[in-house]
Amino acid sequence: MTALGLVKNLIPAGQVQTLTGLTANQLREWSHRRDLIPPDVNSGGPGRPALYSWQNVLLLRLAVVLRKRFKIELQAHKDLLHALRDLFAGTPFPALRGCVLALRAMERGELLSEGMVRIGESDPDTLFLRLDPHLDVLEIEFAPRDQSRQLPLFRAVSVR
């Protein structure tokens, strides 16, 4: 399973909870009530959970880091979270490998390669979040499953 084989599939809220460490109530609170990181497909009622793309699961994982490790109140940065959602939406999964998310003064986000992280005197205070540890977890969940054990639909014939 490689990052290049990553498909644009969606996973249900239950799997998102496992990948992010959020409880069902926390996920609903962040996704629906507070509209911090909405799902890609809203719940269709009982038995039809909300569905999330890898981009939104990545953003949820980063939001958990901001909340738990840095004690940042996410509601105050709702606009930043929405802007980050747009930033990730236009970026292919493999392009994020080796990148760092730079949160400039918690007002805007920027993707940088790890080798390009430099702090200048004129730069605003910046929080850097490495993406690879999160991408490793997501790749396992979102990469296509091995279909090698599946029997072929048609038997092979020789062509002359």
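Residues numbered from 1 in each chain as written. Predicted model: local features only at pLDDT ≥ 70, side-chain atom pairs only at ≥ 80, totals over all residues. Heavy atoms only, no water.

## With respect to the pairing of strand β3 (residues 99–104)
Each regular strand displays side chains that alternate between the two surfaces of the sheet.
Part 1 of the argument: Among the six residues that make up β3, six are buried, leaving the element largely enclosed by the rest of the structure.
Part 2 of the argument: Here β3 runs beside strand β4 (residues 108–113); their pairing, made up of six bridges, is antiparallel. Within β4, the position partnered with Leu101 by the bridge is Leu111.
Part 3 of the argument: Relative to strand β5 (residues 126–130), β3 runs antiparallel, the two sharing five bridges. By the bridge assignment, Arg104 is partnered in β5 with Thr126. (Buried < 20%, exposed > 50% of the residue type's maximum accessible area, 1.4 Å probe, protein only. Helix = DSSP H or I, 4+ residues; strand = E, 2+ residues; numbered from the N terminus. Pairing = 2+ DSSP bridges.)

## So, helix α1 (residues 13–20)
Part 1 of the argument: Where α1 is concerned, the buried positions are Ala13, Val16, Leu19 and Thr20. Down the axis of α1, the sector holding all buried residues measures 115°, keeping them to one side.
Part 2 of the argument: Packing partners of the buried residues in α1 comprise β1 (11–12), α2 (24–33), β2 (51–52), α3 (54–68) and α5 (132–142).
Part 3 of the argument: Of the residues flanking the end of α1, it is Gly21, one or two places downstream, whose phi is positive at about 80°. (Arc of directions from axis to C-beta. Contact = heavy atoms within 4.5 Å.)

## Points about the packing of aromatic side chains
Part 1 of the argument: Counting across every chain of the model gives one aromatic pair.
Part 2 of the argument: Ring geometry for Trp54 and Phe93: centres 5.0 Å apart, planes at 80°, overall edge-to-face. Of this pair, Trp54 sits in helix α3 while Phe93 is found in the loop between α4 (78–89) and β3, placing the two residues 39 residues apart along the sequence.
Part 3 of the argument: With relative accessibility at 4%, the residue Trp54 sits in the buried group.
Part 4 of the argument: Take Phe93: its relative accessible area is 3%, and that puts it in the buried class. (Phe/Tyr/Trp six-rings, centres within 6.5 Å; stacked < 30°, edge-to-face > 60°.)

## Overview of the confidence of the model for the chain
Part 1 of the argument: Looking at the chain as a whole, the pLDDT averages 85, with 82% of positions reaching at least 70.
Part 2 of the argument: The spread of mean pLDDT over the elements of the chain runs between α5, the lowest at 90, and α3, the highest at 97.
Part 3 of the argument: Within the model, the stretch residues 1–7 combines pLDDT values under 50 with 17 contacts to residues more than four positions away or in other chains. (pLDDT = per-residue confidence, 0-100.)

## A look at the nonpolar core
Soluble globular proteins: nonpolar side chains tend toward being buried together.
Part 1 of the argument: Counting 39 residues, the largest nonpolar core has Leu58, Leu103 and Leu131 as its most contacted members.
Part 2 of the argument: Those elements giving two or more residues to this core turn out to be α1, α2, α3, α4, β3, β5 and α5.
Part 3 of the argument: Top element by residues in this core is α3. It accounts for 10 residues.
Part 4 of the argument: Excluding residues within four positions of it along the chain, Leu131 makes contact with Leu58, Leu62, Phe88, Leu96, Cys99, Leu101 and Leu111. (Core = buried A, V, L, I, M, F, W, Y, C linked by side-chain atoms within 4.5 Å.)

## Details of the environment of Ala95
Part 1 of the argument: Among the secondary structure elements, Ala95 is positioned in the loop between α4 and β3.
Part 2 of the argument: For Ala95, a relative accessible area of 44% puts it in the partly exposed group.
Part 3 of the argument: Taking the C-alpha atoms as reference, Ala95 lies 9.5 Å from Ser113; in sequence the two are 18 residues apart.

## Section: unusual backbone geometry
Part 1 of the argument: The phi dihedral of Lys71 falls on the positive side, at around 55°, and the residue is not glycine.
Part 2 of the argument: By secondary structure assignment, the location of Lys71 is in the loop between α3 and α4.
Part 3 of the argument: For Lys71, a relative accessible area of 63% corresponds to the exposed category.
Part 4 of the argument: A positive phi angle is found at Ala105, which is not glycine, with a value near 55°.
Part 5 of the argument: One can find Ala105 in the loop between β3 and β4.

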